[in-house]
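# Topology and contacts: notes
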Amino acid sequence: MYHGTKSCLTSPTTKSSEKKVAVIGAGVSGISVLRNLTWPIGNIKPVAFERSSTFGGHWCFTNDTLPDRFGYPSSSAIYSGLRTNLPKELMTFPGFEHDSTLPTFPTQDDIFDYLRRYIDHCDLEKYMKFNTVVTNAVPKHPDDFKTKWEVTYCHVQEPMNTTTEDFDAVIVCSGNCVFPNVPPFPGLKDFKGRLLHSRNYRKAKEFRGQTVAVIGSSYSGKDVARQLSDVADKVYIAHIDQPLNTIYPNGNVIEKNYAAQSITNSSLILANREEIEIDSLILCTGYRYRFPFLSEDILSIDDEHVSPLYKHVLHLDYHSLMVITLLRNIATYPISFSMGKFARAVIDGNANLPLKIDMKKDIASEVQWRRANKLVGPRWHYMDTLNGILTKV
């Protein structure tokens, strides 16, 4: 295994040879990575495998909410009428601004149009392979940190007709809002009303006249409750966070600052033993990390911590494997672009990395810090270090 300080996926004698890179996903992170792999022009040949019929990830709205034959949920978590919860200035790629006439908080259509214009401007679509699922990625030489990868994929409609290719590197950009987190509430399976995760929520009008309970008060929980308040009879939002400052003008949103304890066939029971009769239940309970195409001995997940990844990006043992999809609660566009730049530096052999033992200590230290502060999932503070590595390129 590698124990040095300089990352390089090629030897000096082969540095000018073409390097094939598999990018898994063509959403915002995949687009960021493709731009960095193809500019400045070098000797990298990327292929972005995207299981849906177009780019954009969940910014490509679809009414489809059914899982596909591979067990993946629908490609989009976006619902009708959604506006961004970040200003457009924080949702831009470097050097490519949004239309100045757009409002500060654009719609889903505005964001998808921005991605389309950026892809056209950078001529990136030619690197994308749509309707294609990566089913497996295996290191060819498990004891070599520079190992190539055998990547197996197929068309979404031909799961038995697979193709396996060798790639010099794999960059995972498969999204962090794909697999819903469904807490095992007692009685959940007995509920007779409509039950769904926010990922499958599409239109408020489907709940007209109902009493709806929303569990969770993060971004989707508050916004879904707001939409429902226009058509539902009553909306209960149950959560254990700080009391909401959100103002719901219709006066029919009732906050319950208690955890959900259990579910009956027609009601939600809270931790204070209050029972609320409901017609529908919407779980705004977040997402889980999953990488079905990688074995657990390559990436393990413990309490939503994916390891072993230095700065949540670079695999500790395989520097030819990187993940650009773990970040939440951050400005995805500029940060994923920086991570794409970092990935390019690693592949080109220009990233000055710490010793492996120091990277391992850094991972352990951050895990301890996050658990001590009751934080689940990665936060953005480590980007200072990542950018510090990039300044040496």
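Provided above is the structure to which this section pertains.
Heads up: these notes are all about the structure in this document. Just so you know, these numbers come straight off a predicted model, no measurement behind them.

Moving on: the overall build of the protein chain. Assigned secondary structure in the protein chain consists of 6 helices and 22 strands. For a compact globule of 393 residues, the expected C-alpha radius of gyration is about 21 Å, and the protein chain comes in at 22 Å, within 12% of that figure. When the backbone C-alpha atoms are referred to their principal axes, the protein chain occupies close to 70 × 45 × 45 Å. Looking at the protein chain as a whole, 52% of its 393 residues qualify as buried. Across the protein chain, the fraction of contacts at a sequence separation of at least 24, relative to all contacts at a separation of at least 6, is 63%. A total accessible area of about 18300 Å² is found for the protein chain, and carbon and sulfur atoms account for 49% of it. Taking the average location of the 44 positive side-chain charges in the protein chain and that of its 42 negative ones, the two points are 2 Å from each other.

A few words on the pairing of strand β10 (residues 211–215). Of all 5 residues in β10, 5 are buried, a share of seventy percent or more. The side-chain alternation of β10 yields two buried faces, one formed by Thr211, Ala213 and Ile215 and the other by Val212 and Val214. Running through helix α3 (residues 219–228), the crossover from β10 to the neighbouring parallel element strand β11 (residues 234–238) is right-handed. Judged from the 4 bridges that link them, β10 and strand β16 (residues 280–283) form a sheet pairing that is parallel. The residue of β16 that forms the bridge with Ile215 is Leu283.

Let us look at the nonpolar core. Inside soluble globular proteins, nonpolar side chains tend to come together where they are buried. In this structure, Met128, Ile171 and Leu228 are the most contacted members of the largest nonpolar core, which totals 73 residues. Of the residues forming this core, the biggest block, 9 residues, is contributed by helix α4 (residues 332–348). Counting 29 residues, the second-largest nonpolar core is a separate cluster that includes Phe49, Val170, Val172 and Val178.

A few words now on the sheet that holds strand β6 (residues 162–167). Read from one edge of the open sheet, 3 strands run β4-β5-β6, paired in antiparallel fashion. With one partner strand each, in any of the chains shown, β4 (132–139) and β6 form the two edges of the open sheet. Mean inter-strand twist for the sheet, computed between neighbouring axes without regard to direction, equals 25°. Bridge analysis of β4 against strand β5 (residues 149–155) gives 7 bridges, and the strand direction is antiparallel. Residue pairing across strands places Thr132 opposite His155, the latter belonging to β5.

Once that is clear, we can look at the sheet that holds β10. A sheet is described by the order of its strands in space; here 5 strands give the open sequence β9-β16-β10-β11-β12, paired in parallel fashion. Looking at which strands have only one partner, the edges of the open sheet turn out to be β9 (194–197) and β12 (253–256). Each strand of the sheet is rotated relative to its neighbour by a mean of 15°, with strand direction disregarded. Of the pairings in the sheet, the one linking β9 to β16 comprises 4 bridges and is parallel in character. Of the residues in β16, the one forming a bridge with Leu195 is Leu281.

A few words now on the pattern of salt bridges. Any two side chains of opposite charge can pair if their charged atoms end up close together. Within this structure, the stated rule accounts for 13 salt bridges. A salt bridge links Lys20 to Glu165, with the nearest nitrogen and oxygen atoms 2.8 Å apart. Here Lys20, found in strand β1 (residues 19–24), pairs with Glu165, found in strand β6; they are 145 residues apart in sequence, far enough to count as distant. Its relative accessible area of 23% is what places Lys20 among the partly exposed residues.

Reading the values: the criteria
Residues numbered from 1 in each chain as written. Predicted model: local features only at pLDDT ≥ 70, side-chain atom pairs only at ≥ 80, totals over all residues. Heavy atoms only, no water. Helix = DSSP H or I, 4+ residues; strand = E, 2+ residues; numbered from the N terminus. Rg over C-alpha atoms; globule rule 2.2 N^0.38 Å. Buried < 20%, exposed > 50% of the residue type's maximum accessible area, 1.4 Å probe, protein only. Contact = heavy atoms within 4.5 Å. Areas by Shrake-Rupley, 256 points an atom, 1.4 Å probe, with all protein chains shown as cover. Lys, Arg positive; Asp, Glu negative; His and termini not counted. Charge placed at Lys NZ, Arg CZ, Asp CG, Glu CD. Right-handed = clockwise from strand over helix to strand, strands pointing away. Pairing = 2+ DSSP bridges. Core = buried A, V, L, I, M, F, W, Y, C linked by side-chain atoms within 4.5 Å. Axes fitted to C-alpha atoms, helices over the stretch in contact; angles between N-to-C directions. Salt bridge = Lys/Arg side-chain N within 4 Å of Asp/Glu carboxyl O.

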